[in-house]
Amino acid sequence: MKKEKFIVTDMILDELAMNILNVDRCVSDLASEFGTDDITILGMISLLKQKGVNIYKEKTKDDIIVTSFGDGKLGSRYPYVITNDSRELKILVLSDTWYGSIFSQPSIVSDVYKWAYNMGCDMAFHLGDISAGRYPKDDEEGRSSIFAHGFHAQSEVVVNCYPYVEDMPTYFITGEHDHRHLKERGMDIGNTISSLRDDMIYLGPNRRDVIIKPSKGRGGIKIRLYHQEGAGTYQISYKSDQYVRAMRSEDKANIIFQGHSLVSDEFVRRNMVVFQIPGLVGTAPEIAKNKKYKHNTVGASIVTIKRDNSYNIDRIVRGELPYYETFEDDYKKAKQLVLKKG
């Protein structure tokens, strides 16, 4: 009997892209799943890369491992432009605050913003999972870790409890915890928060490029805010390193700030400085039961960028704000931090 010819369609390519999104997959296993051979799968990988999908490939002894990091074009969104003429720019960078969870640490978040205020930070970047999201009905342990249930309750917690510092806006993206609201209610919590807080500017889901440029002339510093997905690894820089190696040249940034991994790390790859930013949340059950991933470093960073007259980076200095213990039931005691000049 003649074997039916395998035809590659856009639907099949989309299915392959989803099967390798943020996970490591063997080409031979994919070939078996799709009912074809390794060469056809590699050809499909090439087609996806031509479409702008960032895919990392690594040869092993017996196979090839592939991982997708999504659309390098950022969903056709343009970079967000911030105008700043200072020779020295100070940025507070934080991630994973999980407002609405009993493991949230609003007191530590406030302390981080106090440090940023005293250090003269110009702005803050939040790298996603600002809220705790929701858990499925069969995850009783996860559901019991939430004190503010539902989209409106968690939106209200963020709006009323997140620190306010005059003239220091917070630019933020959302992560997979925040997106659970989108799946449940079809509503983006980022838009709601931003509409109720003038100091909190929502840049979109998962990742966004920011260009910091002078008010006159050309040049600028490109920074990518990125919320990683999936479980962590024993080698804490592994996924970030994959992500950077897979990036197309036209998508490169000067600096990448990456959240979600709950670790503190810094490295340089392909002339890009990559910072993994830890979280500001206690060890929730979701973190504790992950056998591969129990780091949960607690802290934030203040990153100082010094530039020359041509708006090129002269130096980058990272100041870490580590916290060695978290507080039980902190959400019951903490009050919103409000700092105004004078």
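Calculation rules
Residues numbered from 1 in each chain as written. Predicted model: local features only at pLDDT ≥ 70, side-chain atom pairs only at ≥ 80, totals over all residues. Heavy atoms only, no water. Buried < 20%, exposed > 50% of the residue type's maximum accessible area, 1.4 Å probe, protein only. Helix = DSSP H or I, 4+ residues; strand = E, 2+ residues; numbered from the N terminus. Core = buried A, V, L, I, M, F, W, Y, C linked by side-chain atoms within 4.5 Å. Contact = heavy atoms within 4.5 Å. Salt bridge = Lys/Arg side-chain N within 4 Å of Asp/Glu carboxyl O. pLDDT = per-residue confidence, 0-100. Axes fitted to C-alpha atoms, helices over the stretch in contact; angles between N-to-C directions. Parallel < 35°, antiparallel > 145°, perpendicular 65-115°, else oblique. Left-handed = near helix turned anticlockwise from the far one by under 90°. Nonpolar A, V, L, I, M, F, W, Y, C, P; charged D, E, K, R; others polar. Pairing = 2+ DSSP bridges. Polar contact = N/O pair within 3.5 Å; in protein donor to acceptor, adjacent residues only side chain to side chain.

### A closer look at helix H9 (residues 238–246)
When you tally the buried positions in H9, you get 7 out of 9 residues, the bulk of the element. Those residues of H9 that fall on the buried side of the exposure criterion are Lys239, Ser240, Asp241, Gln242, Tyr243, Val244 and Ala246.

### Describing the nonpolar core
Grouped together as the largest cluster of nonpolar side chains are 31 residues, with contacts concentrated most on Leu92, Leu94, Val112, Tyr113, Tyr162 and Met168. Of all the secondary structure elements, the ones that give two or more residues to this core are strand E5 (88–94), helix H4 (106–119), helix H6 (151–161), helix H8 (189–196), strand E9 (200–205), strand E15 (298–307) and strand E16 (313–323). For this core, the element with the highest residue contribution is H4, accounting for 5 residues. If we skip the residues at most four places from it in the chain, Leu94 touches Val109, Tyr113, Ala124, Phe125, His126, Leu127, Tyr162, Ile277, Leu280 and Ala300. Ile82, Leu89, Phe125 and Tyr171 belong to the second largest nonpolar core, which has 24 residues in total.

### Some thoughts on the pattern of salt bridges
Tallying each qualifying case throughout the model produces 9 salt bridges. Notably, a salt bridge pairs Lys306 with Glu88, separated by 3.8 Å at the nearest N-O pair. You can see Lys306 sitting in strand E15 and its partner Glu88 sitting in strand E5, a full 218 residues away along the chain. Lys306 gets classed as partly exposed once you look at its relative accessible area, which sits at 27%. According to the relative accessible area criterion, Glu88 is partly exposed, its value standing at 36%. Each of the salt bridges in this network shares a partner with another, and the network as a whole consists of Asp209, Lys222 and Arg224.

### What about the confidence of the model for the chain?
Residue-level pLDDT values for the chain average 88, and 91% of them are 70 or greater. Every residue in residues 72–76 scores below 50 in pLDDT, and together they form 13 contacts with partners more than four places removed in sequence or on other chains.

### Concerning the packing of H6 against H8
It is at 10 Å that the axes of H6 and H8 come closest, and there the two elements cross at 40°. Classified by the angle between their axes, H6 and H8 sit oblique to one another. The crossing of H6 and H8 is right-handed. Across the interface between the two elements, Phe151, Gln154, Ser155, Val158 and Val159 of H6 pack against Ile189, Thr192, Ile193 and Leu196 of H8. Residue composition of the contact of H6 with H8, by class: 6 nonpolar, 3 polar and no charged.

### Quick look at the pairing of E15
Of all 10 residues that make up E15, 9 are buried, and the element is covered over most of its length. Bridge count for E5 against E15 is 6 bridges, and the pairing is antiparallel. Bridged to Leu92 within E15 is Ile302. Inspection of the sheet shows E15 paired to E16 by 10 bridges, in the antiparallel sense. Paired with Ser301 across the bridge in E16 is Glu320. What sits between the antiparallel neighbours E15 and E16 is a turn of 5 residues, in which Tyr311 has the positive phi angle 65°.

### Describing the environment of Asn254
Here Asn254 shows up in the loop between H9 and strand E12 (255–259). With a relative accessible area of 31%, Asn254 lands in the partly exposed category. Apart from the residues within four sequence positions on either side, Asn254 is in contact with Gly220, Ile221, Lys222, Asn271, Met272, Val273 and Ile313. A polar contact of 2.8 Å, which involves the side chain of Asn254, links it to the backbone nitrogen of Lys222.

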